[in-house]
Amino acid sequence: VFLSPLGWHGGFIPTCMPLAHSPAIDAADPSTSANLQEARGFWNKRDGNNDGVIRADLGAVQAFKPVVVTTLTDEFNTPSGAQVSLREAIRDCGNGGRILFAPALNLGTAAIGASGALAIQGKAVTIDATSLPRGITLAPSGAWGAMTVNAAGSLSLHAVSIRDGDAAGGGGAI
């Protein structure tokens, strides 16, 4: 059914988010879904599949327009340049948002560089590589874990592997 496990994806109640290529995204009848709020309190009309058409999803949760990662290079340009790194996508992703990966990144490894662990702060983020047949790998290249999530944040990973984290820095992965 292409749904995430029950989790905190923004809002006040746990929900199951539609994952990449879910048939529920942008599939609601526009005549019956106008001006409604979804379970998390967000308005339910969005462009959840990035096709330029604003339409509600089926189900209790609306998928936000995704931020798409287009490079495995760990960069942090303001604003994002021609390519979007995972670090930039996390920065640009709103509360309850989704991060997807360009097809060319299939089975790639994103090295987390000298800037330190990727930080999720004060928002719920879903990092979803289910559209890639073989997923994606995160590999920190220093004395830290791959990611940090503060108390006000939440993170949901799908088809993402983490390797080479350093447990001495407070955790090997997250």
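This structure is a prediction, so every number in the text was calculated from the model and none was measured.

1. A few points about the side chain of Asp57
Along the chain, Asp57 falls in the loop between β2 (55-56) and β3 (67-69). Of the side chains with opposite charge, Arg98 lies nearest to the buried Asp57, which makes no salt bridge, at 6.9 Å. Of the polar contacts made by the side chain of Asp57, one reaches the backbone nitrogen of Ala63; its length is 2.6 Å.

2. Quick notes on the nonpolar core
By size, the foremost hydrophobic cluster in this structure holds 24 residues, and its most contacted members are Leu86, Ile90, Ile99, Phe101, Ile127 and Met147. Residue assignment for this core shows that the elements contributing at least two residues are β3, α1 (86-92), β4 (97-101), β5 (109-112), β6 (118-120), β7 (124-128) and β8 (136-140). Looking at which element gives the most residues to this core, the answer is α1, with three residues. Not counting the four nearest positions on each side in its chain, Met147 is found in contact with Ile90, Ala117, Leu118, Ile120, Ile127, Leu138, Leu155, Leu157, Ala173 and Ile174.

3. Some thoughts on the sheet that holds β3
Strands sit in the order β3-β4-β7-β10 across an open sheet of four strands; the sheet is parallel. If you trace the sheet from one side to the other, it starts and ends with β3 and β10 (154-158), each paired once. Across this sheet, the average inter-strand angle for adjacent strands is 20°, counted without regard to direction. Where β7 and β10 come together, five bridges link them in parallel fashion. Looking across to β10, one finds that Thr126 is bridged to Ser156.

4. Observations concerning the sheet that holds strand β11 (residues 160-162)
Taken in spatial order, the three strands line up as β5-β8-β11 in an open sheet, and their pairing is parallel. Because the sheet does not close on itself, it has two edges, and the strands there are β5 and β11. Averaged over all pairs of adjacent strands, the angle between strand axes in this sheet comes to 25°, irrespective of strand direction. Two elements, β8 and β11, share three bridges in a ladder whose sense is parallel. Note on β11: the bridge partner recorded for Leu138 is Ile162.

5. Description of the pattern of salt bridges
Here the structure, examined in full by the defined rule, presents four salt bridges. Across the salt bridge formed by Glu38 and Arg40, the nearest N and O atoms sit 2.7 Å from each other. Relative accessible area serves as the criterion here: at 8%, Glu38 is assigned to the buried category. Close ionic contact of Asp164 with Arg163 constitutes a salt bridge, the shortest N to O distance being 2.9 Å.

6. Points about unusual backbone geometry
Residue Pro79 follows Thr78 across a cis peptide bond; omega there is -10°. Residue placement: Pro79 occurs in the loop between β3 and α1. In this model, Asp26 sits at a positive phi of 55°, which is unusual for a non-glycine residue. Structurally, Asp26 can be placed in the segment before β1 (45-46). With a relative accessible area of 9%, Asp26 lands in the buried category. If you check the backbone angles, Leu107 has positive phi at about 65° while not being a glycine.

7. Some remarks on the side chain of Glu38
The residue Glu38 is located in the segment before β1 in this model. Engagement of the side chain of Glu38 in a polar contact is seen with the backbone nitrogen of Arg40, the distance being 2.6 Å.

8. Here's the deal with the environment of Ile120
By the element assignment, Ile120 lies in strand β6. Spatially, the C-alpha atoms of Ile120 and Gln62 are 21 Å apart, while their sequence positions differ by 58 residues. In contact with Ile120, not counting residues within four places along its chain, are Ile90, Val125, Met147, Thr148, Val149, Asn150, Ser154 and Leu155.

What counts as what
Residues numbered from 1 in each chain as written. Predicted model: local features only at pLDDT ≥ 70, side-chain atom pairs only at ≥ 80, totals over all residues. Heavy atoms only, no water. Helix = DSSP H or I, 4+ residues; strand = E, 2+ residues; numbered from the N terminus. Buried < 20%, exposed > 50% of the residue type's maximum accessible area, 1.4 Å probe, protein only. Lys, Arg positive; Asp, Glu negative; His and termini not counted. Salt bridge = Lys/Arg side-chain N within 4 Å of Asp/Glu carboxyl O. Polar contact = N/O pair within 3.5 Å; in protein donor to acceptor, adjacent residues only side chain to side chain. Core = buried A, V, L, I, M, F, W, Y, C linked by side-chain atoms within 4.5 Å. Contact = heavy atoms within 4.5 Å. Pairing = 2+ DSSP bridges. Axes fitted to C-alpha atoms, helices over the stretch in contact; angles between N-to-C directions.

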